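Letter by letter, the chains look like this.
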Amino acid sequence: MGNKYKYCDDEVFKDDAYRALSLQFENYQSFETFYSSLTDLETKDEFLRVGSTYLFFVKNGDWHVNVPRSDPVIEYFTNSFKLVAILAIIESLSNKQYVDFFQWLSGKDKKALFPIADKSQLQKLYDEYKSEYGAIRRCKSFFSNLSQSTKDKLCNSININGKPAKTIEKVAELIYQARSDFAHESNSALEIGNWFHYSKKKNEEILWKQLSMSYLQQVFEEGVVRHFKNKIINQEEVGT
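Bear in mind the structure is a predicted one, so any value in this text is a computation, not a measurement. (Residues numbered from 1 in each chain as written. Predicted model: local features only at pLDDT ≥ 70, side-chain atom pairs only at ≥ 80, totals over all residues. Heavy atoms only, no water.)

Engineer: Hey, could you go over the pattern of salt bridges for me, with residue numbers and the actual values?
Structural biologist: Evaluation of the coordinates by the stated rule reveals 10 salt bridges. Residue Glu 32 pairs with Lys 14 through a salt bridge whose shortest N-O separation is 3.0 Å. Of the two residues, Glu 32 sits in helix H2 (residues 28-36) while Lys 14 sits in helix H1 (residues 11-21), which places them 18 residues apart along the sequence. Judged by its relative accessible area of 6%, Lys 14 falls in the buried class. For Lys 201, the salt bridge is made with Asp 181, and the minimal N-O distance between the two is 3.6 Å. (Salt bridge = Lys/Arg side-chain N within 4 Å of Asp/Glu carboxyl O. Helix = DSSP H or I, 4+ residues; strand = E, 2+ residues; numbered from the N terminus. Buried < 20%, exposed > 50% of the residue type's maximum accessible area, 1.4 Å probe, protein only.)

Engineer: An account of the pairing of strand S4 (residues 204-209) is requested, with residue identities and associated values reported.
Structural biologist: Taking every second residue as pointing to the same face, the buried face of S4 carries Glu 204, Ile 206 and Trp 208, while none of Glu 205, Leu 207 and Lys 209 on the other face is buried. Bridge count for strand S1 (residues 158-160) against S4 is three bridges, and the pairing is antiparallel. What sits directly across from Asn 159, in S4, is Leu 207. Bridging between strand S3 (residues 196-201) and S4 involves six bridges; their strand directions are antiparallel. Within S4, the residue paired with Ser 199 across the bridge is Ile 206. Counted along the chain from S3 to the antiparallel partner S4, the turn is two residues long, and its residue Lys 202 has a positive phi close to 55 degrees. (Pairing = 2+ DSSP bridges.)

Engineer: I'd like a rundown of the sheet that holds strand S2 (residues 163-164), residues and numbers included.
Structural biologist: Taken in spatial order, the four strands of this open sheet run S2-S1-S4-S3, and their pairing is antiparallel. Looking at which strands have only one partner, the edges of the open sheet turn out to be S2 and S3. Sheet topology places S1 next to S2; two bridges connect them, and they run antiparallel. The residue of S2 that forms the bridge with Asn 159 is Pro 164. Contacts from helix H8 (residues 148-156) reach S1, S2 and S4 within the one sheet, and its direction differs from that of S1 by about 55 degrees. (Contact = heavy atoms within 4.5 Å. Axes fitted to C-alpha atoms, helices over the stretch in contact; angles between N-to-C directions.)

Engineer: Break down the packing of aromatic side chains for me, citing the residues and quoting the values.
Structural biologist: One pass over the full model with this rule turns up 15 aromatic pairs. On the numbers, 3.9 Å between centres and 15 degrees between planes, the contact of Trp 63 with Phe 81 is stacked. Of this pair, Trp 63 sits in the loop between helix H3 (41-59) and helix H4 (75-92) while Phe 81 sits in helix H4, placing them 18 residues apart in sequence. Exposure remark for Trp 63: the relative accessible area of 41% places this residue in the partly exposed category. (Phe/Tyr/Trp six-rings, centres within 6.5 Å; stacked < 30°, edge-to-face > 60°.)

Engineer: Quick rundown of the nonpolar core? Include the residues and the values.
Structural biologist: Residues Phe 47, Leu 83, Phe 143, Leu 154, Ile 175 and Phe 220 are the most contacted members of the largest nonpolar core, which totals 54 residues. No other element matches helix H10 (residues 213-239), which puts nine residues into this core. Once residues within four sequence positions are removed from consideration, Phe 47 is found in contact with Ala 17, Leu 21, Phe 31, Phe 34, Tyr 35, Leu 38 and Phe 228. (Core = buried A, V, L, I, M, F, W, Y, C linked by side-chain atoms within 4.5 Å.)

Engineer: Account for the environment of Glu 42, naming residues and giving values.
Structural biologist: Note on placement: Glu 42 falls in helix H3. Along the primary structure Glu 42 and Tyr 7 are separated by 35 residues, whereas in three dimensions their C-alpha atoms are 9.6 Å apart.

Engineer: So what's going on with the packing of H3 against H4? Residues and values would help.
Structural biologist: Put simply, H3 and H4 touch, their axes get as near as 10 Å, and they point 175 degrees apart. In terms of their interaxial angle, H3 and H4 are classed as roughly antiparallel. Residues Glu 46, Arg 49, Val 50, Thr 53, Tyr 54, Phe 57 and Val 58 of H3 pack against Lys 82, Ala 85, Ile 86, Ile 89 and Ser 92 of H4. For the contact of H3 with H4, the per-class residue count stands at seven nonpolar, two polar and three charged. (Parallel < 35°, antiparallel > 145°, perpendicular 65-115°, else oblique. Nonpolar A, V, L, I, M, F, W, Y, C, P; charged D, E, K, R; others polar.)

Engineer: How would you explain unusual backbone geometry if you had to name every residue and give the values?
Structural biologist: For Lys 202, which is not a glycine, the phi torsion comes out positive at approximately 55 degrees. With respect to the element layout, Lys 202 can be found in the loop between S3 and S4. The class of Lys 202 is exposed, set by a relative accessible area of 85%. A positive phi angle is found at Gln 210, which is not glycine, with a value near 55 degrees. Among the structural elements, Gln 210 can be located in the loop between S4 and H10.

In structure tokens form, the structure reads like this:
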């Protein structure tokens, strides 16, 4: 049988990962030192997968349009696709295997809840399920792991009712909602770009203050490296 680790220690994929995440390292040697510290082969493979996927789908990739009356690359189009790709990679970093709502509800510890009394109880159960397995949970966790200075800058880039977003979790929710509006309703993610964008949702007036794709990519790259640094720490703690 062949090596189950598709990317591990392959110089091509290491080059991809360095190109994708080079801003997070002083030079290639520091990148190599970091990579070598990922002693678990599965973790190394995952790191190279993330770096290579991000390089092609986002950092050095654009959505091209072949229409005579159009520029080949339209910024808000390509930003929308890149946003979907970034959040898809973030979701893929979770160690939890996907479980749909029915599977979760049918688990041993949930059987005592049947019969479910009403819609209100069902909604509470669904909210509990989303907090445990929902994609938004993974997104919030990723953004919560950023440096404080990055979290502060992100919160200040979005005003809600005239004031900066109070928490990074709220910022993560709004970014994820922009992704979902495009993925499910084909509404371009105009929130992400080198411009100001105003929207109103329920009782919230939301002003996005030039939250550019280039900056969101920097945020993602920082988050990826911090994610794998935490894996190193966790592995060391388990070993002690």
